[in-house]
Amino acid sequence: MDGLPKREKGKLREPKTCRIFFSSPFGGMEEEREELTRKYFPHIQHACNAKGVQFVAVDMRWGITSQAAENAQVINICLREIDRSDIFVGFFGQRYGWHGADDQQLQDNFDNAVGLYPWLDAARDRSVTELEFLHGHLNSPSDLPACICFRDKAYDDAQREEGQSKGDKKQVFKYSSESDHATTMMDDLKKRVKAIDNKCLGVNMAYSHPHEGAKFMFDTIWPHLSDVLLAKAEEAKVSKREQRLAEHTAFRARHVTVYDGGQQYFDFLNKVLDKEEKGSVLITGPAGSGKSAVLCNWTAELEKSRPDVVLIYHFVGCAPGTTAASEILSRLLWEVKHVLGKEEEDAMETKDKKEDTQNVETLQVLLLGAIEEVLQETQKRVVIVVDGLNSTLKAGKTSKHLYWLPDTWPTGVSFITSTVDTDTLTCDLLVTQREYENLAIQPLEDTAKREICVKVLKKSGKELSPEQLNRIVAADQTNNPLYLRLVLAELSIFGYFRLLDKKIDSLIYCKDVGELLQKIFTRLEEDYNGKEEHTKLVQEVLCAIELSHRGLSEKELMEMLGVDTHIWSPLHFAMEGLLVSHAGLLRFAFTEISQAVQAKYLQDEKERKGMLKKLIGYFDKQLQNLPPWTDLDTELSKRPVEELPWLYQAAGDMEGLSATLLNIFTLQRMQQDFKYEFLEFWKLTGKKMSEICDLYLSAFDLAVADLYLHNQDMTFNSMTPPGVKLRPLLQSVRDLLDLAECKQGALKVLQKDLSILTLAKDAMEPTRHFKDMLLLRYYVACSMIDCNRFEEGENLHRQVMKECRGYLEEHPDDEVCIDILGMTCNGIGVMCYKQRRFQEAVELYQESLEQHTRLNIKKQMADSFCNLGVALMENDEPQKGVEYMQKSLKLTEELYFGHLPLDIGNLLTNIGICHRRLKDFEQAEAMYKRSLEVKANAVGWDHDVVAMAYMNLCTLMIYKEDYTAAEQYIRKAMTIYENNGATLDKTQYRQATENLVASLLNLQKVEEALSIFLPLFCKLVEVKEMDHCIHSVHRHMAKYLLSIGDTKTAREVTLALIDCKGRQPTNYIFLDHLQLMFAEEERPSLADHCTLEHALTLWPGNPDLTRRIIEYHALPADDIDRILKLQKVCAENNRNFGAYTYEACADWCLAGKNEQNKEAAAQVLEAGVEEYPDELNLRTKVMVDNANMVVLFCAEFEDKGNGRQCQHVCPVLCRI
């Protein structure tokens, strides 16, 4: 049958599903079915579960719904279910089943099914059950493993007689043949079965009792099921190349049969192939516009007309296992290797594995290498077609868009792909960036629409009148192939010819695809909703799929909604054009279907909440039923964890969300597969991370207790203590807390883990315990340093380092200890860096790099390169820092192939800081903005690391003097911190607040800055963090405080600056200025370390300090000796311009307008001449000053009548 892969003997039709079809008349066989269901199905279910296979008993015992019968779909549905099945089991009593060549309703069923099963035309007199026997076995013996049974007539006769005696007409009916003709038909069927009984798994022509028959059926199929089907399912988790190819070929065949037109598209693609080197094309168009049809028909034509081409095609979403990156690459690789004559199965061994980035990277490398081989060996052009990029599964939040798709293809390769025109990311990446040619699909032309209508309807045995056909073609809406396809699908199943015109009008006058889909939903409700039970089945199925996170399997839908196969199958087949299967999960084929479901059913909040409650109840039951002794990585937790958090979020149930997140299986799987989403979900609950930490520790203790009690109840005791077995949970909690920047919580968890491991010494192998303890103590030390407990952290690091070195002396090649030693060097280096001991940090990082390079551990090598770069940057070697960080970035991108995790965001930040230090502001801004985008994509826009990214941009804007932008960035940062509950108790929030003050000061918004500054300053003093403050901000604010008369607060700020490591001479000078502002009797006392004299011990001879003391203290006190001593020290400590200091000092003295200042200036100059006798400037200044003094002296002398003596003074002056 079209769309199904060819059945391979000994293999399941679908890799993860085992379907067994049970066929019998609808009456009289209840006991067999009850015995099978009660006694044997659980056994089969258990065996399938153990192999990771889903068991589906296809049981049509209650027949088909009345709606399906009225629509004449009974035969169609039954035979299609057999097509999907892996084993056929048929059993008869005395009733032959529904038959009759004159039964019009039955013959309508034949009419509707004969298109798919032409052989039915010759079997119109047979019963529906015999048709199942024919299709399941007799028509193709051995094709489908079969077990055939007939019940002994004696049993039926006895049951019929008992019914007669009781007057039970129903019992009599069930155990009686319908007629002599029916008996004849049954006897003929038995003869045909007996004639080829060697082709069956087993045949029983006369079992005596229903229980015996059920046992025979189970005993017959069990060896084949367990030893063949399930054994093969375990050997290979995916189908071979031929089966996968068949799925894609069947998909293509379906589209080829109804396609018409589009030669212009073929011409365009053929021209691309004729290019000498290579050409890639992206085909775009609305959903359902015919992109797949174009590619299906073009590839079919290409296979016939171009023997010089190697063609490989892949239709995303055409079957389970076709949508993930690894699935696509592995299948392309399989096909390329087939061309080379290599049939290794490992290329396909990726289904059901985690979407591992290294696996995808390896597949990409292997694919490109294999293509190169094909090009070289065949000398043919290689054409690769991948249809439906918009349907591929995204690997995760941090994955780059289409990261798995090679940036370039080898020369000689044409890559043709398609996506919807609303997929702007793909269009930008492939057309704009990679320069693919773009082929846009245009609306259908009338001729093409007409021919498509004729072909599609002919397949279902329908034909329209010319007038009816014209109305469909003339409708503008049918220019959209999806719209036309939906209209034709509806007409194909419409059975009332007299109402056909009205039906056509109702379809073609819908305004768009969404309205048409809603009308189709209404028709499905009429056909498949029950009258008494399942009265909203269609709505429930559609809403369940829409509201689910990943989609739902058939089994999940049936179990959740409580429907049996005979209810589900008709609806499933009727809806299959609307659905696609991704890894066994049903999802909508087009976004328009999702939108239509939302519009029709989910606007009603009550309906929406009701369905969410059903989904939550179904998956929560699965999660709660997992006992704590189950393996933490069990596949049984996969589906509940994939759904529940998202469902609770949609329902707005934060209490339920919290409870689910606290479940140990949720914790483990979310941290492995959805770690960034995990953190976001916890943020939604509104709980603080410290509270979350305590909740997890309590949950851990409870799980340990449960596991302990379970072990006590077992006949054997596990050698591994419960706490040790569950340690991975603590690792997951710590990873969550680290991502959330909850350092104290992470340390608390580590200390809990350490206590467990310490107590487990006697229960573990000594060497393993020793190494596990080394590693865990290393993590504890790192966490202590993160919490600023530097002394404890360093001591613990040193202990670990010492023990590592000691062990390596005896075991020099032990890789575990070498790795831990390298990490410990890195850990101590981080501590040195935080303490601004940059040179020590560089040396430790270099040793760490050496150890990890020795082992070629790329992750640790990348970390060491990064840390080295940061340390070198702080050590005033930013250019070297950039070089090391670029090495780290290269390694990290290799490690996270195709993904952009938080690590890369942090690296980009550090590179940006280096560029800022190098004054390359444009490059720094580019790095910062890339970092911001990566971080936000990884953890969301409300995470603290995003706030830090905004802080970096603020700092850069201040350097660029764009203070308005600086303020905008820092306010964004503070908003994030505040939304996350941060206060001034948080270091990063204090830093952001200080940056905001700096920005406001640069914008002259001093009053606003002051209101923010004062509480910040008080907190910095309280937590003793003034060492790390921005000194210029505090100096500026102190001056402003003085200007508004708040001398007291200005003095407090200045004293705090003097008490921190970044103190400057100007702080002492300003403090002295403030002291003098007070009246002498009110002037506060100063500690010795705050005086100008103490400052001179820190900066001997500092000119600014020297001047301050001279001008404001020595001169007013007329302390010439002190001035000369201060000046001498100043000159000695400023040798390069020592003579100048004397001139400057004289100027300071002369700043005053009294005689004592002039005398002091003269003595300073004379001292300078003595110290620097050859300094011409000094001698000249002394001569000029002395001359001025003599002139003044003579003038005074003459006034006293002493003119003659004055003449004797002048010659002396000239000799000087």
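This write-up is about the structure you can find in this document. Note that the coordinates shown come from a computational prediction; the quantities given were computed from them, not determined experimentally.

### Digging into the pattern of salt bridges
Any two side chains of opposite charge can pair if their charged atoms end up close together.
Line of reasoning, step 1. Under the definition given, this model contains 73 salt bridges.
Line of reasoning, step 2. In this structure, the salt-bridge partner of K503 is E490, at a minimum N-O distance of 3.9 Å. With K503 in helix 19 (residues 500-508) and E490 in helix 18 (residues 481-492), this pair connects stretches of sequence that are 13 residues apart.
Line of reasoning, step 3. As a salt-bridge pair, E490 and R523 come within 2.6 Å of each other at their nearest N and O atoms. In this pair, E490 is assigned in helix 18 and R523 in helix 20 (residues 513-528), connecting sequence segments 33 residues apart.
Line of reasoning, step 4. Classification of E490 by relative accessible area gives buried; the value is 4%.
Line of reasoning, step 5. The class for R523 is buried, based on a relative accessible area of 11%.
Line of reasoning, step 6. Through salt bridges with shared partners, a single ionic network connects R550, E556, K638, R639, E642 and E643.

### Looking at unusual backbone geometry
Line of reasoning, step 1. One non-glycine residue, L402, lies in positive phi territory at about 55°.
Line of reasoning, step 2. Looking at the element boundaries, L402 is found in the loop between strand 8 (381-387) and strand 9 (413-420).
Line of reasoning, step 3. Using a relative accessible area of 6% as the deciding quantity, one classes L402 as buried.
Line of reasoning, step 4. Residues other than glycine seldom take positive phi values, yet E741 does so here, at roughly 65°.
Line of reasoning, step 5. Relative to the assigned elements, E741 resides in the loop between helix 32 (727-739) and helix 33 (743-759).

### Let's talk about the sheet that holds strand 5 (residues 202-207)
Line of reasoning, step 1. Spatially, five strands are ordered 2-1-3-4-5 in an open sheet, and the strand pairing comes out parallel. Both edges of this open sheet fall to strand 2 (54-59) and strand 5, since each of them pairs with a single strand only. Neighbour-to-neighbour, the strand axes of the sheet open up by a mean angle of 15°, direction not taken into account.
Line of reasoning, step 2. Both strand 1 (residues 17-23) and strand 2 contribute to a ladder of six bridges, which runs parallel. Note that in strand 2 the partner of F22 across the bridge is D59.

### Observations concerning the packing of helix 21 (residues 537-547) against helix 24 (residues 591-601)
Line of reasoning, step 1. Relative orientation of the contacting elements helix 21 and helix 24 amounts to 125°, with a least axis distance of 10 Å. Taken together, the axes of helix 21 and helix 24 lie oblique to each other. Seen from above, helix 21 lies across helix 24 with left-handed handedness. Packed against helix 21, whose contacting residues are V538, Q539, L542, C543 and E546, the element helix 24 presents S594, V597, Q598 and Y601 at the interface.
Line of reasoning, step 2. Of the residues in the contact of helix 21 with helix 24, the class split is five nonpolar, three polar and one charged.

Conventions used here
Chains are numbered independently. Their residues run from 1 in the order of the written sequence. The predicted nature of this model means local features are confined to residues of pLDDT at least 70 and side-chain atom pairs, given and counted, to a pLDDT of 80 or more, with totals for whole chains, interfaces and linings taken over all residues. Side-chain figures throughout are based on the complete set of non-hydrogen atoms in the structure, without hydrogens or water. Here, a salt bridge means any side-chain nitrogen of Lys or Arg that lies within 4 Å of a carboxyl oxygen of Asp or Glu. Counting from the N terminus, the helices are the DSSP runs of H or I reaching at least four residues and the strands are the DSSP runs of E reaching at least two. Classification of residues uses two cut-offs on accessible area relative to the type maximum, computed with a 1.4 Å probe and protein chains only: under 20% is buried, over 50% is exposed, and between them is partly exposed. A pair of strands is labelled paired if DSSP reports no fewer than 2 bridges between them. Whenever a helix is involved, its axis is fitted only over the stretch in contact; in every case the axis is a line through C-alpha atoms, and angles between N-to-C directions fall within 0 to 180 degrees. The labels follow the angle: roughly parallel below 35 degrees, roughly antiparallel above 145, roughly perpendicular from 65 to 115, and oblique for the rest. Handedness of a crossing is defined here by the sense of rotation of the near helix relative to the far one, left-handed for an anticlockwise turn of less than a right angle and right-handed for a clockwise turn. Contacts: residue pairs with any heavy atoms within 4.5 Å of one another. Each residue gets one label: Ala, Val, Leu, Ile, Met, Phe, Trp, Tyr, Cys and Pro are nonpolar, Asp, Glu, Lys and Arg are charged, and the others, such as Gly, are polar.

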